Amino acid sequence: MLLPAPAEKIDFPALLQRLETLSRAHLLFYRLEVGRLILEEIFDGQPEAYLSRDNRKATRFSQFLAEQGEALRELGLGEQVLRQCVTTRIAAASLPPSLLERLLFSHLVELSRMPDHEKRRFLATLTIEQGWTSRQLRDAVQATAAGLPLDAAPELPGIQPPAPAEEGSPRPLPAGRVITRFEKAADDFEDLGTHWEQLDPSRLTSGQRNRIAGSLGRLRARLEALEKRLL
């Protein structure tokens with residue numbers, strides 16, 4: 001039996017990009033479905049009930065977390081992630097599918113902080129058109145909340161992605177901004193942990209193991225140093 005002729009050279013970077021896109025789309029769909037289930041089962045499908053912190057429904061949510069917390073954490077669905085799933089589901093409902101399918105979950109987390117639906121859609125459009133990261137989108141949401149005009153033209157005042165940092169020591173940030181960035185970093189790390197838990201460690205190469213071990217070591221040392229400043 002003759003073997004088929006070798007195919008033309010495969011564009012591996014392009015294939016990787018498609019796999020990354022698939023992975024992101026899967027995570028987004030999964031998190032939005034989690035949010036939908038929590039809204040329907042605990043908050044009767046009413047976003048207002050969740051956002052208003054209705055006492056009866058808030059108690060049901062707290063009871064669910066108390067009784068099933070350990071199992072939820074094994075699924076990578078701790079309380080913070082579950083709340084993000086719900087708020088992003090609410091935000092996603094105000095966006096057209098043509099925008100939603102091109103956003104990352106981290107983008108929706110930031111967009112959920114903008115209560116105005118029209119401004120949320122505008123910021124979602126700018127995020128796609130200008131290729132904003134979630135950090136840039138967060139800055140844009142904060143600028144909009146502060147009353148700056150919705151304007152994406154670089155030569156005019158308004159919402160712009162932050163300029164590249166100049167070399168040298170970074171400019172000190174206000175305490176509130178630092179704390180907010182810590183919270184966002186914790187959210188991003190939790191998302192990364194979910195991806196990591198979906199991998200099979202036995203299939204990693206020794207080089208990949210060394211890389212992740214080195215990264216975890218750096219994070220651990222930095223976190224320990226930062227924690228000491230709270231004492």
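Enquirer: I'm lost on the packing of aromatic side chains in this one. Help?
Expert: The description of an aromatic ring pair rests on the distance of the ring centres and on the angle between the ring planes. Enumeration over the complete set of coordinates arrives at 2 aromatic pairs. Judged by centre distance (5.1 Å) and plane angle (85 degrees), the rings of Phe43 and Tyr50 are edge-to-face. Tyr50 shares its class with Phe43; the two are buried. Judged by centre distance (5.9 Å) and plane angle (55 degrees), the rings of Phe43 and Phe61 are tilted.

Enquirer: Looking at this structure, I do not really get helix 1 (residues 12-42). What am I missing?
Expert: Since there are 3.6 residues in each turn of an α-helix, residues three or four apart along the chain are aligned in direction. In this model helix 1 runs 45 Å from its N-terminal to its C-terminal C-alpha over 31 residues, within 8% of the 45 Å that 1.5 Å per residue would give. Lining the buried residues of helix 1 we find helix 2 (47-51), helix 3 (55-74), helix 4 (79-92), helix 5 (97-100), helix 6 (105-111) and helix 9 (175-197). A positive backbone phi angle near 55 degrees is found at Asp44, which sits one or two residues after helix 1.

Enquirer: Would you explain the pattern of salt bridges in this entry?
Expert: Taken as a whole and judged by the stated rule, the model has 6 salt bridges. Here Arg36 ties to Glu40 by a salt bridge, and the two come within 3.0 Å at their closest N and O atoms. In this pair, Arg36 and Glu40 are both assigned in helix 1, 4 residues apart and thus about one turn of the helix distant. A relative accessible area of 40% means that Glu40 is categorised as partly exposed. One salt bridge connects Arg83 with Glu79, and the closest N-O pair in it is separated by 3.1 Å. Remark: Glu79 and Arg83 occur in helix 4; sequence separation between them is 4 residues, near one turn of the helix. A relative accessible area of 24% means that Arg83 is categorised as partly exposed. For Glu79, a relative accessible area of 41% translates into the label partly exposed.

Enquirer: I keep staring at unusual backbone geometry and nothing clicks. Help me out?
Expert: Leaving glycine aside, a negative phi is the common case for residues, and trans is the common case for peptide bonds. One non-glycine residue, Asp44, adopts positive backbone phi at about 55 degrees. Take Asp44: it is sitting in the loop between helix 1 and helix 2. By relative accessible area, Asp44 is classed as partly exposed at 43%.

Enquirer: Help me understand the nonpolar core in this model?
Expert: Core analysis: the largest hydrophobic core is formed by 20 residues, its most contacted members being Leu103, Leu108, Leu111 and Leu123. Looking at this core, the elements with two or more residues in it are helix 1, helix 5, helix 6, helix 7 (117-130) and helix 8 (134-145). Ignoring any residue separated from it by four or fewer positions in sequence, one finds Leu108 in contact with Leu28, Leu32, Thr88, Ala92, Leu95, Leu100 and Leu103. Residues Ala49, Phe61, Leu77 and Ile90 belong to the second largest nonpolar core, which totals 16 residues.

Rules behind the numbers
Residues numbered from 1 in each chain as written. Predicted model: local features only at pLDDT ≥ 70, side-chain atom pairs only at ≥ 80, totals over all residues. Heavy atoms only, no water. Phe/Tyr/Trp six-rings, centres within 6.5 Å; stacked < 30°, edge-to-face > 60°. Buried < 20%, exposed > 50% of the residue type's maximum accessible area, 1.4 Å probe, protein only. Helix = DSSP H or I, 4+ residues; strand = E, 2+ residues; numbered from the N terminus. Expected span 1.5 Å × (residues − 1). Contact = heavy atoms within 4.5 Å. Salt bridge = Lys/Arg side-chain N within 4 Å of Asp/Glu carboxyl O. Core = buried A, V, L, I, M, F, W, Y, C linked by side-chain atoms within 4.5 Å.

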